[in-house]
Amino acid sequence: DRRDGAIARNLSELYRMTDRPKDALHVLDLSLREGSQDQQAAFDAGMLAFRERQFQASLTYLERYESQAGLVPWVNYYRSISLFELGQYERALVCVNAEREVTETDGWHLDVVEAVCWCQQGRGEESRAVLERRPRARRRQAQAECRRRAHRLHSSYRFSRRPGRA
């Protein structure tokens, strides 16, 4: 039965173990579209889509997961990164703040996402203020992560905009 989430998750895991992530995602997607109510299948699909850089799909699966599971830590973190990658920085910031409320933490991983969102909006002061909240060692780690993400974003933009490419 395609709607059986446990079967879909097991088959998906088999595909993942054999380095076939697209097939793994397809199995979960098919099960969910056929009406599976397995919340773990929705979460696994969200994480697979995220790893495959299918950020819009990841948002859809995470939404479905959250509608079944309620507010769960880490969902808004992955949602914020997906939104960041889609260039939706304001919405990503909303998700960062929601994640802070759900987890009742102020982790550096959230600071990094917040800082790069401010930076991408040309708001360097806000970005620096976020990073300066951290103790010195954590601040360096967060700043390095910001530079790495900014470089990756710049490189992907530069190479995707070559003349002659659609």
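What counts, and at which threshold
Residues numbered from 1 in each chain as written. Predicted model: local features only at pLDDT ≥ 70, side-chain atom pairs only at ≥ 80, totals over all residues. Heavy atoms only, no water. Helix = DSSP H or I, 4+ residues; strand = E, 2+ residues; numbered from the N terminus. Contact = heavy atoms within 4.5 Å. Phe/Tyr/Trp six-rings, centres within 6.5 Å; stacked < 30°, edge-to-face > 60°. Buried < 20%, exposed > 50% of the residue type's maximum accessible area, 1.4 Å probe, protein only. Salt bridge = Lys/Arg side-chain N within 4 Å of Asp/Glu carboxyl O.

Overview of the environment of C95
Here is step 1 of the chain: Along the chain, C95 turns up in helix α6 (residues 89-103).
Here is step 2 of the chain: As for C95 and V75, which are separated by 20 residues in sequence, their C-alpha atoms are 8.9 Å apart.
Here is step 3 of the chain: Those residues in contact with C95 that sit more than four places away from it in its chain are N76, R79, S80 and L83.

A few points about the packing of aromatic side chains
Here is step 1 of the chain: Tallied over the entire structure, the rule returns 7 aromatic pairs.
Here is step 2 of the chain: Ring geometry for F43 against Y65: centres 5.0 Å apart, planes inclined by 55 degrees, an arrangement best described as tilted. A residue pair is termed long-range when its members are at least 10 positions apart, and F43 in helix α3 (residues 39-51) and Y65 in helix α4 (residues 55-69) qualify at 22 residues.
Here is step 3 of the chain: Seen from their ring centres, Y77 and Y78 are 5.3 Å apart, and the 70 degrees between their planes marks the pair as edge-to-face.
Here is step 4 of the chain: We classify Y77 as buried; its relative accessible area is 12%.

So, the pattern of salt bridges
Here is step 1 of the chain: The final tally for this structure, using the stated rule, is 15 salt bridges.
Here is step 2 of the chain: Of the charged contacts in the structure, one is a salt bridge between R16 and E13, with a shortest N-O distance of 3.3 Å. Of this pair, R16 and E13 both sit in helix α1 (residues 5-17), 3 residues apart, which is roughly one turn of the helix.
Here is step 3 of the chain: With relative accessibility at 25%, the residue R16 sits in the partly exposed group.
Here is step 4 of the chain: What makes E13 partly exposed here is its relative accessible area of 36%.
Here is step 5 of the chain: A salt bridge links E63 to R79; the nearest nitrogen and oxygen atoms lie 3.8 Å apart. Of this pair, E63 sits in helix α4 while R79 sits in helix α5 (residues 75-85); the two residues are 16 residues apart in sequence, bridging distant segments of the chain.
Here is step 6 of the chain: By relative accessible area, which is 48% here, E63 ends up partly exposed.
Here is step 7 of the chain: Looking at R79, the relative accessible area reads 9%, which means it is buried.
Here is step 8 of the chain: Through salt bridges with shared partners, one network takes in R100, D111, E114 and R133.

Note that all results are geometric; they support no functional claim without further evidence.
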